[in-house]
Amino acid sequence: MENETSITYFYILPFSGQTRNKPLIFTFFFLMYLVGVHINSAIITVMCLKVHLHKPMYLFICNLSIVDIFYTSVTVPKLLHMLLSGNHFISFSQCYTQLYFVSAVATAESILLFIMAYDRYVAICLPLHYHQILSWRNCTLITIGIWAATFLNSLIFVISAMNMSSCHSNVIHQFFCDAKSLTKTTCMATQIFFGVTGIEILILAFTPFLCTVISYVNIFSVIFKIKSKDSRKKSFSTCSSHITIVSIYYGAGIIEYLIPSYSDVLDLVFSIIYTNIVPTINPIIYSLQNSNVQSAMLELVREMCFFKRNFQHQHS
């Protein structure tokens, strides 16, 4: 096409007309990033140090915390740099590298949420076979498979995205490089890109979500048959936190990527929820609600305080 140009950089414009609010915006994202990274790091540390948490359920929680740290780390530090420096330019290679990792962690989170639902399904519906189905070997293979699939899928997705012809504009009305914003800068999106995107949505978003729903249908059918009220309540409580984060994650994702955009502001808001707020509140809603995780974290804090007091006493 004659009007097609070769774009070597993009201009990120997330908060147009909000220059006076930049300190407030910076503080909001910085505090959210700080809280999310620290909480998720604490959960990973506890999972690694406490032997009694070396079980399938906690392995998946640990992986979810790793994904959540990557989710915010891929987008927020660059945004904070832009807000501080005023330099909103991002090179072509940086933009597509960011897109690669955002795509990878989004895929990993989607699959992990399903695996965690399956873990609850096996624990409640097939308790006698739990350790056989979710043995340490199987869980290790599942974890390796998740990360291998996500990075391979992201590579295919980014290669297809790079084949799009950019000519309309190099301005991205978003706080990071995402696929939806990049398609608005193109004059021609290839059939390969749309094909890869469609397959991704079907296999890596819709299928895990459908399997999660099916898992919970089976879980609830078993729970409702439990005669003991206390047992029913306990079973519901183990699932309610996971259902909450699944609902928020997929709800924000569907609105952001599947519903046609009506304004850049709404796209920005739902992107913030999807890529920053959800990874920050995931450990608060899910991991920290688990009594074993709570007790393990309190135990670790007490041990750290004890060692600190002993160290100070020895050097006083």
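Residues numbered from 1 in each chain as written. Predicted model: local features only at pLDDT ≥ 70, side-chain atom pairs only at ≥ 80, totals over all residues. Heavy atoms only, no water.

Student: Please set out the overall build of the protein chain residue by residue, giving values where relevant.
Tutor: Scanning the protein chain from N- to C-terminus turns up 10 helices and 5 strands. Out of the 316 residues belonging to the protein chain, those deemed buried represent 43%. Excluding contacts between residues fewer than 6 apart, the proportion of contacts in the protein chain whose partners are at least 24 apart in sequence is 80%. Here the protein chain has roughly 16500 Å² of accessible surface; of this, 68% comes from carbon and sulfur atoms. (Helix = DSSP H or I, 4+ residues; strand = E, 2+ residues; numbered from the N terminus. Buried < 20%, exposed > 50% of the residue type's maximum accessible area, 1.4 Å probe, protein only. Contact = heavy atoms within 4.5 Å. Areas by Shrake-Rupley, 256 points an atom, 1.4 Å probe, with all protein chains shown as cover.)

Student: Any details on the pattern of salt bridges? Residues and values, ideally.
Tutor: Enumeration over the complete set of coordinates arrives at 2 salt bridges. As a salt-bridge pair, Glu 299 and Lys 50 come within 3.3 Å of each other at their nearest N and O atoms. One end of the pair, Glu 299, is in helix 10 (residues 291–314); the other, Lys 50, is in the loop between helix 1 (22–49) and helix 2 (56–85), and 249 residues separate them in sequence. By relative accessible area, which is 7% here, Lys 50 ends up buried. Measuring nitrogen to oxygen at the nearest pair gives 2.7 Å for the salt bridge that ties Arg 120 to Asp 119. In this pair, the class of Arg 120 matches that of Asp 119, namely buried. (Salt bridge = Lys/Arg side-chain N within 4 Å of Asp/Glu carboxyl O.)

Student: Just give me the short version of the packing of helix 2 against helix 5 (residues 136–162), but keep the residues and values in it.
Tutor: Helix 5 packs onto helix 2 with a crossing angle of 20 degrees between their chain directions and a minimal axis gap of 10 Å. By the angle between their directions, the pair helix 2 and helix 5 is classed as roughly parallel. In the packing of helix 2 onto helix 5, the handedness of the crossing is right-handed. Residue-level contacts link Pro 56, Leu 59, Phe 60, Asn 63, Ile 66, Val 67 and Phe 70 of helix 2 to Cys 139, Ile 142, Thr 143 and Trp 147 of helix 5. Its residues assigned to classes, the contact of helix 2 with helix 5 shows 9 nonpolar, 2 polar and no charged. (Axes fitted to C-alpha atoms, helices over the stretch in contact; angles between N-to-C directions. Parallel < 35°, antiparallel > 145°, perpendicular 65-115°, else oblique. Left-handed = near helix turned anticlockwise from the far one by under 90°. Nonpolar A, V, L, I, M, F, W, Y, C, P; charged D, E, K, R; others polar.)

Student: So, the side chain of Asn 63: which residues are in play, and what are the values?
Tutor: Take Asn 63: it is sitting in helix 2. Overall, the relative accessible area of 6% leaves Asn 63 in the buried class. Other than its neighbours up to four places away in sequence, Asn 63 contacts Leu 112, Thr 143 and Trp 147.

Student: Now, about the packing of aromatic side chains: what can you tell me, with residues and values included?
Tutor: In the structure shown here, the tally under the stated rule is 23 aromatic pairs. On the numbers, 5.0 Å between centres and 65 degrees between planes, the contact of Tyr 11 with Phe 89 is edge-to-face. Within this pair, whereas Tyr 11 is found in strand 1 (residues 9–12), its partner Phe 89 is found in strand 2 (residues 89–91), the two being separated by 78 residues in sequence. Aromatic side chains Phe 29 and Phe 175 sit 5.8 Å apart centroid to centroid with 45 degrees between the ring planes, which places their arrangement in the tilted category. One end of the pair, Phe 29, is in helix 1; the other, Phe 175, is in the loop between strand 4 (171–172) and helix 6 (179–183), with 146 residues separating them in the sequence. (Phe/Tyr/Trp six-rings, centres within 6.5 Å; stacked < 30°, edge-to-face > 60°.)

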